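Below are the chains, spelled out letter by letter.
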Amino acid sequence: MGDTHSDPQIRVVHHDQLDGNTPQTPGLIREVAFDGRNPGAAHLSAFRSTVRPGAATGAHHHGDQETVLYVISGTARYRWGDKLEKVAEAGPGDFVFIPAHVIHQEINASPEFETVWAVVRSGVDPVVVNLPELDEYAEPAAVDYTHL
């Protein structure tokens, strides 16, 4: 038997093993399954994102990385553009593609239920460029979680 660490391995990360130690965006909780800290991750990262009921993220982008989201639960609203002027919504079973460098905001359209999606990005480094200077254009959260 050889050294199994040099052989490519299938890995499973169970839901209770997700890691929140990654760059965050206000209003959104990222929990990493796979990124550059994991053996074998060379091109992709994957994580779960949760937006609490009525919450909204700040404007941000992910540099050179393309992003694909799969909505697991809830209704997610996405705003994008230089002044976040474009909008689309996605629900359970829908896929969302966010091109590299596209400034965007995620909003939980429900004041009652959290929105959860699985995310895959085209890079292993956790690139998050938060843009608080665009707060004046961002859709405000329906629920304020800053004092909880």
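As shown above, the structure is provided for reference.
Report on the accompanying structure. (Residues numbered from 1 in each chain as written. Predicted model: local features only at pLDDT ≥ 70, side-chain atom pairs only at ≥ 80, totals over all residues. Heavy atoms only, no water.)

**Overview of empty space enclosed by the protein**
Filter applied, for reference: We place a 1 Å grid over just the protein atoms. Points where a 1.4 Å probe fits but has no way out form a cavity, open points with protein on both sides within 12 Å along at least 5 of 7 lines form a pocket, and any residue with an atom within 4 Å of a point lines it. Grid points are joined across faces, edges and corners, and a volume is the space filled by probe spheres set on the points. Under the DSSP-based scheme used, a helix requires at least four consecutive residues in state H or I and a strand at least two consecutive residues in state E, with every element numbered from the N terminus. Residues were grouped as follows: Ala, Val, Leu, Ile, Met, Phe, Trp, Tyr, Cys and Pro as nonpolar; Asp, Glu, Lys and Arg as charged; and all remaining residues, including Gly, as polar.
Here the structure, examined in full by the defined rule, presents two cavities of 30 Å³ or more. Within this model, the largest cavity holds a volume of roughly 90 Å³. Taken together, 14 residues line the largest cavity, and the ones lying closest to its centre are Thr22, Val32, Phe47, Arg121 and Pro126. Only β1 (29-34) and β2 (45-51) provide two or more residues apiece to the lining of the largest cavity. Broken down by class, the residue content of the lining of the largest cavity amounts to eight nonpolar, two polar and four charged. Within this model, the second largest cavity holds a volume of roughly 50 Å³. Looking at the lining of the second largest cavity, the elements with two or more residues in it are β2, β4 (67-73), β8 (104-108) and β9 (115-121). Per-element accounting of the lining of the second largest cavity gives the leading share, three residues, to β9. Taken together, the residues of the lining of the second largest cavity break down into six nonpolar, five polar and three charged.

**Remarks on the sheet that holds β4**
Inclusion rule: Here a strand pair is declared whenever DSSP counts at least two bridges between the two strands. Whenever a helix is involved, its axis is fitted only over the stretch in contact; in every case the axis is a line through C-alpha atoms, and angles between N-to-C directions fall within 0 to 180 degrees.
Taken in spatial order, the five strands make up an open sheet running β1-β2-β9-β4-β7, and their pairing is antiparallel. Of all strands in the sheet, those bounded by a partner on one side alone are β1 and β7 (95-98). The sheet shows a mean angle of 25° between the axes of neighbouring strands, direction not considered. Where β4 meets β7, four bridges bridge the pair, whose relative direction is antiparallel. Bridging across to β7, Tyr70 finds its partner in Phe95.

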